[in-house]
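Tertiary structure, described
The chain contents come next:
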Amino acid sequence: MNLLAVFAHPDDEIGAAGTLALHARKGDRVMLVWLTRGELASQFGDAPPEEVARVREGHGAHVAGLIGAEYRFLPFRDTLLTGGREEALALARLMAEFRPDAVITWDPLDVHPDHRATHQAVLSALKLCRIPKLVGEAHRKPVRLYHYPRRELLRPWVYVNVAETQEVAEKVFAFYREFYRWAFSLEDFRARRRLLGQEAGVPFAEAFQTEAPPAWPGLP
C-alpha cells in the first residue's frame with residue numbers, strides 16, 4: 001500500500017511515527033508531507049524565519065530518514081494556513097502523483113488553526129484529486145482517511161500495534177525533545193503509548209480515528 005501522512009509543521013508527525021515506520025519496514029511506500037516549514041516557532045527566539053525554516057526542514061529530512069519515508073514540504077506559510085483551495089489543490093496534485101491508499105492527518109478540532117486547516121485541506125484534496133482537469137491523471141481509487149484521535153469525536157478508533165517500531169518512535173521523539181528541551185520526558189511519551197497499548201491489548205500502540213468502518217489496509 002501507499003501511505004501518505006500530511007501535517008502542518010515538522011514535529012506534528014510524532015504521534016504517527018511508529019505506524020509510518022511499521023509500514024515502511026513492511027515494504028510499503030510511505031510519504032511525509034508538511035504544508036509549512038514551521039518558520040514561526042517561538043523556541044527560536046529572534047532568529048529570522050528563513051533560518052528557522054532551513055533548520056526545521058532539516059529536522060523533517062532527518063525524521064523521514066529515521067522512519068524510512070519519502071518526504072515533501074509544500075510552500076505555505078506558518079500560521080497562515082486556511083484549508084482553502086490553493087492548499088487543497090497542491091495536496092490533490094501530490095495525491096494524484098503518489099496515489100495513496102490511506103492518509104493520516106490532524107484531527108478537525110485541534111486548538112492550532114494550522115492543524116485544523118490541514119485537516120480541511122486534506123478533505124478537499126481527496127475530492128479534487130479525482131478531477132482530471134485539475135490534476136492530470138486522476139486518483140480515483142478509494143482512500144481511507146485517518147486522523148489523530150479526539151474523544152469528543154464520536155468516530156471509530158483504530159489502534160495500530162507499534163511494538164515492533166516503538167524504538168523508531170522514541171528516536172523521533174527524543175530528537176525533537178533534545179532540540180526543543182521539552183519538559184515532557186521520554187518516560188512520559190512511553191507511558192502514553194503503553195496506555196494506548198493497554199486499551200488495544202498490545203505492548204505499545206498509536207491511535208487514530210476514521211469516519212469509515214475501522215479497517216486498516218495492509219495490517220492484520
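Let me begin by describing the structure that accompanies this report. A quick note: this is a predicted structure, and the numbers were derived from the prediction, not measured. (Residues numbered from 1 in each chain as written. Predicted model: local features only at pLDDT ≥ 70, side-chain atom pairs only at ≥ 80, totals over all residues. Heavy atoms only, no water.)

1. A short note on the pairing of strand β4 (residues 102–105)
Heads up, the condition is: Throughout this description, buried means an accessible area under 20% of the type-specific maximum (1.4 Å probe, protein chains only), exposed means over 50%, and partly exposed covers the range between. Runs of E in the DSSP output that reach at least two residues are strands. Runs of H or I that reach at least four are helices, and both are numbered from the N terminus. Criterion used throughout: strands pair if DSSP finds at least two bridges between them.
The alternating pattern of β4 places Ala102 and Ile104 and Val103 and Thr105 on opposite faces, both of which are buried. Two elements, strand β1 (residues 2–7) and β4, share three bridges in a ladder whose sense is parallel. Along β4, the bridge assignment pairs Ala5 with Ile104. Judged from the four bridges that link them, β4 and strand β5 (residues 144–147) form a sheet pairing that is parallel. Counterpart to Thr105 in the pairing with β5 is His147.

2. What to know about the nonpolar core
What counts here: Among buried residues, those of type Ala, Val, Leu, Ile, Met, Phe, Trp, Tyr and Cys that are joined through side-chain atoms within 4.5 Å constitute a nonpolar core. A contact between two residues is defined here by any heavy atoms of the two lying within 4.5 Å.
Counting 39 residues, the largest nonpolar core has Phe7, Leu20, Leu32, Ile67 and Ile104 as the members making the most contacts within it. Looking at this core, the elements that each hand over two or more residues are β1, α1 (17–26), β2 (29–34), α2 (49–67), β4, β6 (157–161) and α6 (166–180). With six residues, α6 is the single largest residue contributor to this core. Setting aside anything within four residues of it in sequence, one finds Ile67 in contact with Ala17, Leu20, Ala21, Ala24, Leu32, Val168 and Val172. Membership of the second largest hydrophobic core comes to 27 residues, among which are Leu4, Met31, Leu91 and Cys129.

3. Observations concerning the side chain of Glu13
Which entries qualify depends on this criterion: We treat Lys and Arg as the positive residues and Asp and Glu as the negative residues; His and chain ends play no part in the count. The rule for a salt bridge is simple: a side-chain nitrogen of Lys or Arg has to be within 4 Å of a carboxyl oxygen of Asp or Glu. Here a polar contact is taken to be a pair of N or O atoms separated by no more than 3.5 Å, where protein atoms must pair a possible hydrogen donor with a possible acceptor and residues adjacent in sequence count only if both atoms sit in side chains.
Examined against the element boundaries, Glu13 turns out to sit in the loop between β1 and α1. Buried and unpaired, Glu13 has Arg56 as its nearest opposite-charge partner, separated by 7.4 Å. Polar side-chain contacts of Glu13 include one of 3.1 Å to the side chain of Trp34. Setting aside anything within four residues of it in sequence, one finds Glu13 in contact with Phe7, Leu32, Trp34, Val63, Tyr148 and Tyr176.

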